[in-house]
Structure formats: structure tokens, C-alpha cells
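Working through the structure, step by step
For reference, the chains in residue letters:
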Amino acid sequence: MARKKPVYQDDYDDYEDEEYEDDYDDGYEENYRNPLKPIVIVLAILLLVCAAIIALLYIRLQSAEKQVAELSTTLSAAQTELNRVQAEAASATPAPVSTPVPAATPTPTPEVTPTPEPMPTPEPTATPEPPLKDAVTDEILAGVFRPKDENWFEAPRDAWVSSEYMLSVHWGPGMEWLENMVLYRNNQVEILAEQNHWYLLRTPEGKYGWATKTLLTETAPAGAATPTPAPADADPI
């Protein structure tokens, strides 16, 4: 005789089958979830952010356009007011008033004033000339040797070159001094001082130098009324 299956055994099997199916379904859903779902969510969020940014930019653009329109209106009103003020100022400028010409005033006849007699002009007092040694300064000599005070003449004396051909003029009283110019026969000069048998002379051109006494004479040569000027072709060495 076969054993009869207990009733509670069937109930247990049914309960076990249902619990197994539920666990199987949950595991299947967890393992086979749609992988595109997170991507779609991220894209939706990005679209929302972009839409918000575009909306903000549109609002700012509308506000800027409104401000520009208001500024343009204000400038137009200011220009209109300026034109009106200028027009009023131009119309309010008064016309130039003609100045009446004054009547001619008769010129009074000047009274004749007697001319005073001129006072006699006092004769100028002659200023004594300084001594020759003081009149010829070192600046005038321009490097030419200056003689001692006792060797100067009281006044310049005329002299002429008596050399047969030419006369070498030196920077000082002696042959050891270099030449600074050359004179020729019958050239007229002025002698200012004497030292060591040499004369300090001055040419008509205002040049100074020393020449040996033996080649100068204080006697005017024949035809010396118009003396020949000393040539300036020799430069100082």
C-alpha cells in the first residue's frame, strides 16, 4: 500500500517554488538592467542646464537692447534741447550799436615859447693816455715776450726795415726764439721797447714781434710817404 503524501508537503513545495522564482526574477533584473539609462539621465540634465543658460543669455540680451534704446532716446532728446538753446542764443544776440562820431574839437593854437639861449658847452678835459707799457697788455701781445718795464719807450717810434731782402721777426729778443712773421725792405713798423739790442715792434696790421736792432732804421727811406704794408703770409710757428 502506497504511502500517502502529507498535505503539508505540497504546501511546502509550492512555497519553495514561489520563493525561488521571486529570487530568480530579482537577480535577473539586477544583472540585466538597461545600460543606456544613466546616459540618458546625464544628457537630460545637460539639456536642462543648456536651456537655463540660453534663457539667461536671452534675458540679458533683451535687457541690454532695452538700455541701448533708452540711451539713444536720451541722447536724441539732449541733442534736440541743445539745438533749441543754440537757436535761442543766436536769435537773442543784439545787433551792433553804431557809435556816434564825436564832433571835431578845434585845435588850440599853441603859445610861442621863447627859445632859451644855449648854455656854453664845457670843453672836455683831455684824459691822459696811459704809459705805453700799460697800454700794451699781455692779451694784446698774444704770446710775444714782454720786456721789462724799464725797457719800454715813452711813446711808439716809427722805424723801417733796412734789410736787403727780408727780416725775420721772432717771438722773443734772440735768435733762439722761433719766427712768427716775415717783413721786407722798407716795411714801416713801430718800435715799442728795446732789450738785448732787439726791438719790440708792431706792424700796421697790429701784429707784434721782436727783430734785431741792426736791421731796422728810424730814418725814412726815399719814397716812404706811402709805406708798403707788411705781408701776412708767414704764420706763427
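The notes below deal with the structure included here. The structure presented is a predicted model; accordingly, all values stated were derived computationally and were not measured.

1. Some remarks on the overall build of the protein
Along its length, the protein carries four helices and seven strands. Ordered by position from the N terminus, the helices and strands of the protein form the series α-α-α-α-β-β-β-β-β-β-β. Expressed as a percentage of the 237 residues in the protein, the buried residues total 19%. Within the protein, contacts between residues separated by at least 24 positions form 60% of all contacts whose residues are at least 6 apart in sequence. Element-wise, carbon and sulfur atoms account for 60% of the exposed surface of the protein, whose accessible area totals about 19,400 Å².

2. Concerning the nonpolar core
Among the nonpolar cores identified, the biggest contains 13 residues, and Leu167, Leu183, Val189, Ile191, Leu201 and Leu216 are the most heavily contacted of them. Elements supplying a minimum of two residues to this core: β1 (152-161), β2 (166-170), β3 (179-184), β4 (188-195) and β5 (198-202). Among the elements that line this core, the one with the most residues is β1, at three residues. With twelve residues, the next largest nonpolar core counts Leu132, Ala193, Trp198 and Tyr208 among its residues.

3. As for unusual backbone geometry
Look at Ala142: it is not a glycine, yet its phi comes out positive at around 55°. Despite not being glycine, Asn186 has its phi angle at roughly 70°, a positive value. Tracing the chain through its elements places Asn186 in the loop between β3 and β4. We classify Asn186 as partly exposed; its relative accessible area is 30%.

4. Let's talk about the pattern of salt bridges
If the charged atoms of two oppositely charged side chains come close together, the side chains can form a pair. As enumerated under the stated definition, the model contains eight salt bridges in all. Across the salt bridge formed by Glu194 and Lys213, the nearest N and O atoms sit 2.9 Å from each other. Here Glu194 is found in strand β4, whereas its partner Lys213 is found in the loop between β6 (208-212) and β7 (216-217), with 19 residues between them in sequence. Residue Lys213 is classed as partly exposed on the basis of its relative accessible area, which comes to 31%. One connected set of salt bridges, linked through shared partners, spans Glu81, Arg84 and Glu88.

5. Some details on a nonpolar patch on the surface
A cluster of nonpolar residues, Leu36, Ile39, Val40, Val42, Leu43 and Leu46, forms a patch on the protein surface that exposes about 560 Å² of accessible area. Relative to the helices and strands, Leu36 is located in the loop between α1 (7-31) and α2 (37-91).

6. Digging into the pairing of β4
Of all eight residues in β4, six are buried; the element is thus mostly enclosed. Pairing of β1 with β4, which is carried by five bridges, proceeds in the antiparallel orientation. Its bridge partner lying in β4, Asp158 is registered against Glu190. Two strands pair when backbone bridges link them, and β4 and β5 are joined in this way by five bridges, in the antiparallel orientation. Considered in β5, the bridge of Gln195 is made with Trp198. The hairpin formed by β4 and β5 contains two residues between the paired strands, and Asn196 there has a positive phi angle of roughly 55°.

7. What about the packing of aromatic side chains?
The relation between two aromatic rings is expressed through the spacing of the ring centres and the mutual angle of the planes. Enumeration according to the criterion identifies three aromatic pairs in this entry. Here the aromatic cluster, defined as three or more aromatic residues joined through ring pairs, consists of Phe145, Trp177 and Trp210. Above the face of the Phe153 ring, Arg157 is positioned so that its terminal group lies 4.1 Å from the ring centre.

8. Regarding the side chain of His170
Relative to the helices and strands, His170 is located in strand β2. Residue classification places His170 among the buried residues on the basis of a relative accessible area of 3%. Setting aside chain neighbours within four positions, we find His170 in contact with Met175, Trp177, Leu178, Glu179, Asn180, Trp198, Gly209 and Trp210.

Thresholds applied
Within each chain, residues carry numbers counting from 1 in the order of the written sequence. This being a predicted model, a pLDDT of at least 70 is required before a residue's local features are given, and a value of 80 or more before pairs of side-chain atoms are given or counted; all residues contribute to the totals for chains, interfaces and linings. Hydrogen atoms and water are omitted, and side-chain values are computed over all heavy atoms in the structure. Each helix is a run of H or I in the DSSP string that is no shorter than four residues. Each strand is a run of E no shorter than two, and both are numbered from the N terminus. Buried, partly exposed and exposed residues are distinguished by accessible area as a fraction of the type maximum, computed with a 1.4 Å probe on protein chains only: under 20%, between the cut-offs, and over 50%, respectively. By the convention used here, residues are in contact when the closest approach between their heavy atoms is within 4.5 Å. Here the accessible surface of atoms and residues is derived via Shrake-Rupley with a 1.4 Å probe, and residues count as covered only by protein chains that are part of the display. We call a set of buried Ala, Val, Leu, Ile, Met, Phe, Trp, Tyr and Cys residues a nonpolar core when their side-chain atoms join them within 4.5 Å. Salt bridges are defined by distance alone: a side-chain nitrogen of Lys or Arg within 4 Å of a carboxyl oxygen of Asp or Glu. Only residues whose relative accessible area exceeds 30% and that form no salt bridge are eligible for patches; like-charged ones are grouped when within 9 Å, while nonpolar side chains (Val, Leu, Ile, Met, Phe, Trp, Tyr) are grouped when within 5 Å. DSSP-based pairing: two strands are paired if at least 2 bridges between them are found. When two rings of Phe, Tyr or Trp (its six-membered ring) have centres within 6.5 Å they constitute a pair, described as stacked for plane angles under 30 degrees, edge-to-face for angles over 60, and tilted for the intermediate range. Whether a charge sits over a ring comes down to the Lys NZ or Arg CZ being within 6 Å of the ring centre and within 35 degrees of the ring normal.

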